[in-house]
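Coordinate analysis (summary)
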Amino acid sequence: MIFAKMQGNFVLKLGFSPSHIQLSLRQRLLPLCAQQTCAAHKQSFYDKLNVPPKPKKPMSPFLMFMAQIRPTLNKEYPEKKITELVKIGSERWANVDSKLRDQLTQQYKEEIINYNKLKTEYESKLSPEDKEKIKRAELHSLDLKEQRKTKQKSKELGKPKRPMTAFMKYLTSRVSERNKYTEHKEWVRSVSQEWKTLNPQIKAKLETETKQDFESWNHELKKWEEKMIKEGNVDVVRSSSLPPLSKTKLKQ
C-alpha cells in the first residue's frame, strides 16, 4: 500500500513538474522562435533560486540576420527542417549585402558593450551566497544535460526499455477514464485509491506479470551491457555492471 502511494505521488510529480527546456539547435540558431520559451525558463530558474534574473546576452550578427529572414524562409521552405533552414540562412549570410552586415555588426557591438556593463552591475549586486547558489544550480543543470545525453545515446544504441510496475500497468488500463477528470492529478488520485482496494487476485496477477517482465528485462539488459562494454560504450553502462578497470577509466 505504501508502495502504491509512492507510485501515485511519483506519477503526480511527473504530470505536473515544469518541463525542462533544453537549449536545442532550434533555440540556439533561431532565437526568436524560442525567445519567449527560453525567457520563461530562465525566469523560472532564477525565481527558484530567489535571485534577480541575469541580463540577457545579445544575439550575434548572424542570429540577428536569421531572425530577420526567418518568416521568409518559413514561407519559401515550409517542409524544411530547422537544420536545413539554417544551412540556407548561412549561405545567404555569406552573400549578404555588406551594408546590412556592417549595420548588424555595429548593432551587436553596441549591444554587447551595454550587456557587459549590465552584467558587471548585476554581478556586483549579488551576495556571495547568491553567487554560490547560481554556481551550484548551473553545475546541476550541466549534470542533468549530461544525463539526458547519456539517456538519448542509450536509446539510440538499443537499450532494453524498463517495464512498467504493476501499478503503472493498472493506471494505463484506466486511461479510457482520463477524460472524466478535469485535471491529470485528480485522475491519478482516483486510480491510486482504486489500486489500494483492488481485488487481491487481480493485483496478484499484475504483480506476477510485472515480476516476470523485470526478470526478462534484467536478462536482456545484462546482455546489452556486455555488448556495450565490448564495443567501448562504457558510459551508458551501469557502474555496478562494469569491470573494475572500466570503472577506473570512467571516473577519470
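A count of helical and extended segments in the protein gives eleven helices and zero strands. When the helices and strands of the protein are read in sequence order from the N terminus, they spell out α-α-α-α-α-α-α-α-α-α-α. Looking at the protein residue by residue over its 252 residues, the buried ones come to 29%. Residue pairs at least 24 apart in sequence account for 64% of intrachain contacts in the protein once pairs closer than 6 positions are excluded. Put simply, the protein shows about 18,200 Å² of open surface, and 53% of that area lies on carbon and sulfur atoms.

The subject of this paragraph is the environment of H219. When you line up the elements, H219 lands in helix α10 (residues 200-231). Placed 59 residues apart in sequence, H219 and P160 show a C-alpha to C-alpha distance of 9.7 Å.

Okay, a positive patch on the surface next. Together, K151, K155, K159, K161 and R162 line one region of the surface with positive charge. Relative to the helices and strands, K161 resides in the loop between α7 (128-156) and α8 (166-173). Owing to a relative accessible area of 76%, K161 belongs among the exposed residues under this scheme.

Our next topic: unusual backbone geometry. In this structure, N50 takes a positive phi of about 60° despite not being glycine. As for its position among the elements, N50 is in the loop between α3 (31-49) and α4 (61-76). Under the relative-accessibility criterion, N50 is labelled exposed at 65%.

Procedures and definitions
- Residues numbered from 1 in each chain as written.
- Predicted model: local features only at pLDDT ≥ 70, side-chain atom pairs only at ≥ 80, totals over all residues.
- Heavy atoms only, no water.
- Helix = DSSP H or I, 4+ residues; strand = E, 2+ residues; numbered from the N terminus.
- Buried < 20%, exposed > 50% of the residue type's maximum accessible area, 1.4 Å probe, protein only.
- Contact = heavy atoms within 4.5 Å.
- Areas by Shrake-Rupley, 256 points an atom, 1.4 Å probe, with all protein chains shown as cover.
- Patch = residues over 30% accessible without salt bridge, like charges linked within 9 Å, V, L, I, M, F, W, Y side chains within 5 Å.
- Salt bridge = Lys/Arg side-chain N within 4 Å of Asp/Glu carboxyl O.
- Lys, Arg positive; Asp, Glu negative; His and termini not counted.
- Charge placed at Lys NZ, Arg CZ, Asp CG, Glu CD.

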